[in-house]
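What the coordinates show
Here is how the chains run, residue by residue.
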Amino acid sequence: MKTITIAIAAALFGLSAQASIAHDYKLGALEIGHPYARATPPNAPVSGGYLTIRNTGDEADRLIGGEAGFADRVEIHEMSMENDVMKMRELSDGVEIPAGGEVVLKPGGYHIMFIGLDSRMAEGESRTATLTFEKAGSIEVDFSVENINKIKDRMKNDGHGDMDHGDMGHDSMKHGD
């Protein structure tokens with residue numbers, strides 16, 4: 001009996017630990033899964049934010065921007081290859097989340113840029129930002145700050161490949177005002 005009690009307690013502890021790591025949000029038909037941001041070195045002016053957005057509704061919506069107290073601006077960006085050169089650009093119209101579909105914001109693809117950081121984003125902390133959608137409105141979400149190695153491991157485990165964008169020069173990139 002004691003073994004069963006210990007097993008049940010361990011299982012419940014595991015579930016509660018997993019739930020605290022998974023942090024998901026719901027806004028109307030939109031489900032936002034595990035927001036996380038990249039840890040930064042001291043004095044870095046930008047960081048990337050990543051998450052998955054599922055649209056369980058019958059009509060498309062669009063992530064169009066946001067706000068964060070720790071950054072001057074929040075923009076939606078896309079990374080793409082053009083003539084063997086990786087390019088990043090702001091998506092002024094945001095990114096569409098199709099009805100019944102999902103969009104994964106991840107390194108090397110669509111992502112959120114936190115521009116003009118007020119301080120270093122340290123691994124293990126959490127930063128709150130507000131995401132704004134064209135139809136569903138706005139929602140506050142907490143971004144877990146993770147180091148690049150944890151992000152790479154997540155991408156490998158999620159089947160997103162082994163992408164290394166650590167030397168892309170985000171720290172020295174000039175973003176238009």
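A brief look at the structure comes next. (Residues numbered from 1 in each chain as written. Predicted model: local features only at pLDDT ≥ 70, side-chain atom pairs only at ≥ 80, totals over all residues. Heavy atoms only, no water.)

Membership of the largest hydrophobic core comes to 30 residues, with the highest contact counts inside it found for Leu63, Ile112, Phe114, Leu131, Phe133 and Phe143. The greatest single-element share of this core, amounting to 4 residues, is contributed by strand S11 (residues 137-146). Excluding its chain neighbours within four sequence positions, the residues that come into contact with Ile112 are Ser47, Gly48, Gly49, Leu51, Leu63, Val74, Glu75, Ile76, Leu105, Leu131 and Phe143. Counting residues in hydrophobic clusters, the runner-up holds 5 residues, among them Val46, Met79, Met88 and Met113. (Core = buried A, V, L, I, M, F, W, Y, C linked by side-chain atoms within 4.5 Å. Buried < 20%, exposed > 50% of the residue type's maximum accessible area, 1.4 Å probe, protein only. Helix = DSSP H or I, 4+ residues; strand = E, 2+ residues; numbered from the N terminus. Contact = heavy atoms within 4.5 Å.)

The element strand S2 (residues 30-38) is largely enclosed, with a buried count of 7 among its 9 residues. Of the strand pairs in this sheet, strand S1 (residues 24-27) and S2 are connected by 4 bridges, and their pairing is antiparallel. Bridge pairing in S2 places Asp24 opposite Gly33. Hairpin connection from S1 to S2: 2 residues lie between these consecutive antiparallel strands, with Gly28 at a positive phi of about 60°. Strand direction decides the pairing type here: S2 and strand S3 (residues 46-55), joined by 6 bridges, are antiparallel. The partner of Gly33 across the bridge, within S3, is Thr52. Note: S2 against S11, 3 bridges, orientation parallel. Pairing of Arg38 across the sheet is with Glu146, part of S11. (Pairing = 2+ DSSP bridges.)

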